[in-house]
Amino acid sequence: MTHIDAGAELDPVHPVPVPGRATGLTGAEVAERVDRGEVNDVPVRSSRSLTEIIRANVFTRFNAIIGVLWLIMLFVAPIQDSLFGFVIIANTGIGIIQEWRAKQTLDSLAVIGEARPTVRRDGTATEISTSEIVLGDLIEIGPGDKIVVDGDCAEADGLEIDESLLTGEADPVVKRSGDPVMSGSFVVAGGGAFTATKVGREAYAAQLAEEASRFTLVQSELRSGISTILKYVQWMMIPTAIGLVISQLVVKEHDFKDSVARTVGGIVPMVPEGLVLLTSVAFAIGVIRLGRKQCLVQELPAIEGLARVDTVCLDKTGTLTEGGMDVAELRTLGGADEEYVRTVLGALGASDPRPNASLQAIIDAYPDSSGWRCGQALPFSSARKYSGAAFSEGDGTTSAWLLGAPDVLLPDGDPALTDIEELNEQGLRVLLLARVAKDLEDPRVQEGAEPAALVVLEQRLRPDAADTLRYFAEQDVKAKVISGDNAVSVGAVAGKLGLAGAEHTVDARALPKEQAAMADALDEGTVFGRVTPQQKRDMVAALQSHGHTVAMTGDGVNDVLALKDADIGVSMGSGSEATRAVAQIVLLNNSFATLPSVVAEGRRVIGNITRVATLFLVKTVYSVILALLVVCCQVEYPFLPRHLTLLSTLTIGVPAFFLALAPNKERAKPHFVKRVMRYAIPGGVVAGLATFLMYMIARHFYTGSGALGAETSSATLTLFLISMWVLAIVARPYTWWRVCLVAAMALAFLLVLAVPWLQDFFALKLVGTTMPWTAVGVAVVAAAVLELLWRWIGRRFPD
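Keep in mind the model is a prediction, meaning the values are calculated, not measured. (Residues numbered from 1 in each chain as written. Predicted model: local features only at pLDDT ≥ 70, side-chain atom pairs only at ≥ 80, totals over all residues. Heavy atoms only, no water.)

Undergrad: Would you mind showing me how to read the pairing of strand 3 (residues 124-127) here?
TA: Note: strand 2 (residues 118-121) against strand 3, 4 bridges, orientation antiparallel. Bridged to Val119 within strand 3 is Thr126. Counted between consecutive antiparallel strands, the loop separating strand 2 from strand 3 contains 2 residues, among which Asp122 sits at a positive phi close to 55°. (Pairing = 2+ DSSP bridges. Helix = DSSP H or I, 4+ residues; strand = E, 2+ residues; numbered from the N terminus.)

Laid out in structure tokens, this is it:
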């Protein structure tokens, strides 16, 4: 609340004395502080640095294992058996490049979406970067602005600050001159200015605000699932590799270099080295794709999170409707003079230096041209649902007025409410102008208010909102419209956009307080009006208590608490700085229509990585099975590294890259590890047993000096055919390009078998016709078993 001395010279727009306004630092004082290093120089990074990207992609546990084995192979075997090392280098390079491109996209978008606080220097208000703030700067603040550094309040005009991100207390705190303000909090009502007392790493923001505003980081089931799988793989790999080494080097008495090569050939395929890389590349490409659509993903796993969402809570203003409004009609009440009412509205508009969309429409329609002066101001608050001001009129009389929600300012049963209900049913927004006799500081100031006029506002629907709501309905994602506006009006807007259930609106003031009962009401309803900021937060928690994964969209300060608590917070780029700070996804183009792209990108990543993870882990399982059988039967390992490099490239590496980046609209499903392993384990076991069976049959058939090479070729053919069937299953449902992809891999293998120099390079030469056709027969039987087994698993353990 602001009181103005009647003798002070007043600016008709700003209810503060112009001569009394602080001018802020001078240019010389700013330069002096910059020289002393008293600058807010805390770096704001949207992603990892290049050094961290390289370190994360290069220095991994599995890269270390592969690297050591690669160095060994370079000394003991031909270059063909070292190809797996070059593949790892190429894959790691691709991962670094893609993540670096994603970082550049994130950084450039972060600059676009970066808040620019208004600083008063030499008496002039200027927008600057947060990193340019110096100690002692006078920073102007208004509704939605985030406090970026610590300071002391210098000016307060009904200033209310929400410190919930720091203290957990939802109620806004009224600030007066001299009160401290903490970075990480944000303005919910009023305006003012504060002097920066702590900047840079000394500010509370540098120590706590980032963590406080993001204490609910997005959980990535995909990444945690892959980490779990890799942990199990590591524990399986160690004893198996030791047994293989002993078997090949000690038990068998053949050429040392060949023993080493076959030992390495058994260890290398156990490592699903491409799985982590492919996941990182898929996320990185997702960020780049969304970046091109002006969507800033502040936390990478948020792409995955939104794909798992089954409920989207939408704030009407700024999401379903555009920010601007137009005055459609002015209806006077109680015999009020229309010209006088227009004058009041013009003065009310001029009394607020930071008008919201509703008040801006009134300012545009009724510009202030009177000699009225504002002596007291009550800024709009989403909790109160009204604003107000007291004036000294041109003739010396005084008056006080409120402008806000009719159903809040008027008592139940008031005749005017009937007309208001009819207007709301048309999707129009209605504000009530009422004269009050009480002081504006009185918490019951609205009691006894005399209605003077209804201001009917027409909201501008977003042209893309209907298509977006239709998309969510098709994808089985429930849309809940949660707004602070009148429920009937909100329902009418939602109905115009084709939202199912919009006709059954709920006034949030009638919702039960208990979480379980509220959750039931939320499951049944679709449109909720007159929702307070704290209720939005409670509604998100209630939906989550019923097992829903909830996304919340919004652009105003009244959405911050709910955005913070939702599984995924989505903010508009034009929204308040506070909403952008707590949201995981910021739509910089302010287009609600971008959300389907984010959902689709997340589904593409999750669905495709689940597919390709099966390919990688089938290889790991059959490699472990083969190694164990070799150790138990005391025979040579059937493959050299070059054979498995060829198989991995054709049946996993190349297909996985294309499958991971393909379109995929399948809804994300939980239990990633279980869903992958239920297919990978039986698939790997069948492939390993069938391949070893063929290898043992060939060992009894071939004799002589070239027997081992012939045995290896037969086993390779068997494993390739089985792996191709696994690929064919994973690639379903078929499209023309997936069929072409599988066919191309098969043709590439036939090319190796048909071209003499490729036969020599990969040591693959089928001898005779009996064993090759036997290999085909074993593979066909194994493929049939796989098909039956996977279908049984699909029925027995459905998604």
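Undergrad: For this particular structure, what's the right way to read unusual backbone geometry?
TA: Leaving glycine aside, a negative phi is the common case for residues, and trans is the common case for peptide bonds. The omega angle of the peptide bond from Arg732 to Pro733 is -5°, so this bond is cis rather than trans. Considering the arrangement of structural elements, one finds Pro733 in the loop between helix 24 (707-730) and helix 25 (736-754). The phi dihedral of Gln634 is positive, around 55°, even though this residue is not glycine. Position of Gln634 among the secondary structure elements: in the loop between helix 21 (595-633) and helix 22 (641-660).

Undergrad: What is the right way to look at the pattern of salt bridges in this model?
TA: For side chains of opposite charge, pairing can occur when their charged atoms come near one another. For the coordinates displayed, the defined rule picks out 19 salt bridges. Salt-bridge contacts for Arg470 lead to Asp467; the nearest nitrogen and oxygen are separated by 2.6 Å. Of this pair, Arg470 and Asp467 both sit in helix 15 (residues 465-474), separated by 3 residues, roughly a single helical turn. The salt bridge involving Arg604 is made with Glu601; its shortest N-O contact spans 2.5 Å. Of this pair, Arg604 and Glu601 both sit in helix 21, 3 residues apart, which is roughly one turn of the helix. The network of salt bridges with shared partners includes Asp407, Asp507, Arg509 and Arg530. (Salt bridge = Lys/Arg side-chain N within 4 Å of Asp/Glu carboxyl O.)

Undergrad: Mind showing me how you'd approach the pairing of strand 10 (residues 311-314) here?
TA: The side chains of a regular strand alternate, first on one face of the sheet and then on the other. Burial along strand 10 is two-sided: Thr311 and Cys313 and Val312 and Leu314, pointing in opposite directions, are all buried. Pairing analysis gives 4 bridges linking strand 10 to strand 17 (residues 478-482), with the strands arranged parallel. Each residue of the ladder has a partner; that of Thr311, found in strand 17, is Lys478. (Buried < 20%, exposed > 50% of the residue type's maximum accessible area, 1.4 Å probe, protein only.)

Undergrad: Explain a nonpolar patch on the surface to me, please; I cannot follow it from the model alone.
TA: Taken together, Leu71, Leu74, Phe75, Ile79, Phe86 and Ile89 make up a surface patch of nonpolar side chains, about 610 Å² in accessible area. Broken down by secondary-structure element, the contributors of at least two residues to the nonpolar patch are helix 3 (61-76) and helix 4 (83-113). Among the elements that take part in the nonpolar patch, helix 3 stands out by supplying 3 residues, more than any other. Residue position: Phe75 is located in helix 3. (Patch = residues over 30% accessible without salt bridge, like charges linked within 9 Å, V, L, I, M, F, W, Y side chains within 5 Å. Areas by Shrake-Rupley, 256 points an atom, 1.4 Å probe, with all protein chains shown as cover.)

Undergrad: Mind showing me how you'd approach the nonpolar core here?
TA: Nonpolar side chains in soluble globular proteins tend to be buried together. With 95 residues, the main nonpolar core has Phe84, Ile609, Val612, Phe672 and Phe749 as its most contacted residues. Here the element with the most residues in this core is helix 21; it accounts for 13 residues. Of all hydrophobic cores here, the second largest spans 36 residues; its members include Val287, Leu290, Cys295 and Tyr471. (Core = buried A, V, L, I, M, F, W, Y, C linked by side-chain atoms within 4.5 Å.)

Undergrad: I would appreciate a short explanation of the sheet that holds strand 18 (residues 505-507) in the present structure.
TA: Here 8 strands make up an open sheet; going across it, the order is 9-22-21-20-10-17-19-18 and the pairing mixed. A single partner strand is all that each edge strand has here, and the edge strands are strand 9 (295-297) and strand 18. Recorded for the sheet is a direction-independent mean angle of 20° between the axes of neighbouring strands. (Axes fitted to C-alpha atoms, helices over the stretch in contact; angles between N-to-C directions.)

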